Structure formats: structure tokens, C-alpha cells
Amino acid sequence: MKINITTPKRYSYYELLRKSKKYMKGDYNCNKALHVFEGKNKKYYSLIRKGNVQIELIEDDQETLEDIKMYLEFLFYKQYIGLDFEGMKNKNFSLNNVQCYYM
């Protein structure tokens, strides 16, 4: 199960890495992570690429989805992003401070 996020054009690759490292806690994320970050309790992983963020879900329970929502709101506060869901039914994220279009 994957969520592909198209990032705003003004966001640089390094800004996404810096913000992800700041949001994600844990020894791996602080010391070893280059472009793949572990989510809370290793229930999801975030892969940062230029112009794209891909989130791989291990478990799609409500707690994990809430943490992903908070992560996306932290990264893209008051921005416009594109969301694409692979391998899961379309789950409409009701992000408060981020505008989304679904592909």
C-alpha cells in the first residue's frame, strides 16, 4: 500500500529531507537516514525523491493514518499537493491546512 505525493514546485529536495528529519524521531532517522525515514513504530516509511514523496504503509490502521496526516501537514502547511493511492481504496485525507487534489 503506497501513497504518492506530488510536491509543490518551490519545495527543494533538501528542504523535504530537513523537514522529514525534524518531524521523524528515533535513532535511525537522526543518525543514519539519507532519504528513507521510518514512521512511528515502524508502521510506515517515507521515501523522499526530487519532486515526490512516497509513503509505504506497513499497517493501515487509523493511528497510522492520523500520524501520516500530521506528517503531511507538517511538511506542506498551507500548500497544494497531489495525492495518489496505490494498492488501497481511496481514503480521503481530510487535511486541515493542506489542499489536495486526488489523481
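The present account deals with the structure reproduced in this document. (Residues numbered from 1 in each chain as written. Predicted model: local features only at pLDDT ≥ 70, side-chain atom pairs only at ≥ 80, totals over all residues. Heavy atoms only, no water.)

## Side note on the overall build of the chain
- Looking only at helices and strands, the chain features three helices and six strands.
- The order of α-helices and β-strands along the chain, N terminus first, is β-α-α-β-β-β-α-β-β.
- For 103 residues, the compact-globule formula gives about 13 Å, and the C-alpha radius of gyration of the chain, at 13 Å, lands near that figure.
- In terms of overall dimensions, the chain has a C-alpha envelope of 35 × 30 × 20 Å along the principal axes.
- For the chain, the proportion of its 103 residues judged to be buried stands at 43%.
- Taking the contacts inside the chain whose residues are at least 6 apart along the sequence as the reference set, 48% of them involve residues at least 24 apart. (Helix = DSSP H or I, 4+ residues; strand = E, 2+ residues; numbered from the N terminus. Rg over C-alpha atoms; globule rule 2.2 N^0.38 Å. Buried < 20%, exposed > 50% of the residue type's maximum accessible area, 1.4 Å probe, protein only. Contact = heavy atoms within 4.5 Å.)

## Examining the pattern of salt bridges
- This structure, assessed with the given rule, holds four salt bridges.
- Of the charged contacts in the structure, one is a salt bridge between Glu59 and Lys43, with a shortest N-O distance of 4.0 Å. Taken together, the residues Glu59 in the loop between β4 (52-57) and α3 (62-75) and Lys43 in the loop between β2 (36-38) and β3 (44-49) connect sequence positions 16 residues apart.
- Residue Lys43 is classed as buried on the basis of its relative accessible area of 15%.
- Among the salt bridges present, the one from Glu63 reaches Lys43, with a minimum N-O distance of 3.9 Å. (Salt bridge = Lys/Arg side-chain N within 4 Å of Asp/Glu carboxyl O.)

## Focus on helix α1 (residues 13-23)
- Burial in α1 covers these residues: Glu15, Leu16, Leu17, Lys19 and Ser20.
- On its buried face, α1 sits against β2, β3, β4 and α3.

## Some details on the sheet that holds strand β5 (residues 80-86)
- On the basis of which strands lie adjacent, the open sheet formed by six strands has the order β2-β3-β4-β1-β5-β6 and mixed pairing. Strands with a single pairing partner mark the edges of an open sheet, and in this sheet they are β2 and β6 (99-102). On average, each strand axis in the sheet is tilted by 25° relative to the strand beside it, whichever way the strands run.
- Bridging between strand β1 (residues 2-6) and β5 involves five bridges; their strand directions are antiparallel. (Pairing = 2+ DSSP bridges. Axes fitted to C-alpha atoms, helices over the stretch in contact; angles between N-to-C directions.)

None of the figures reported here should be taken as evidence of function without further support.
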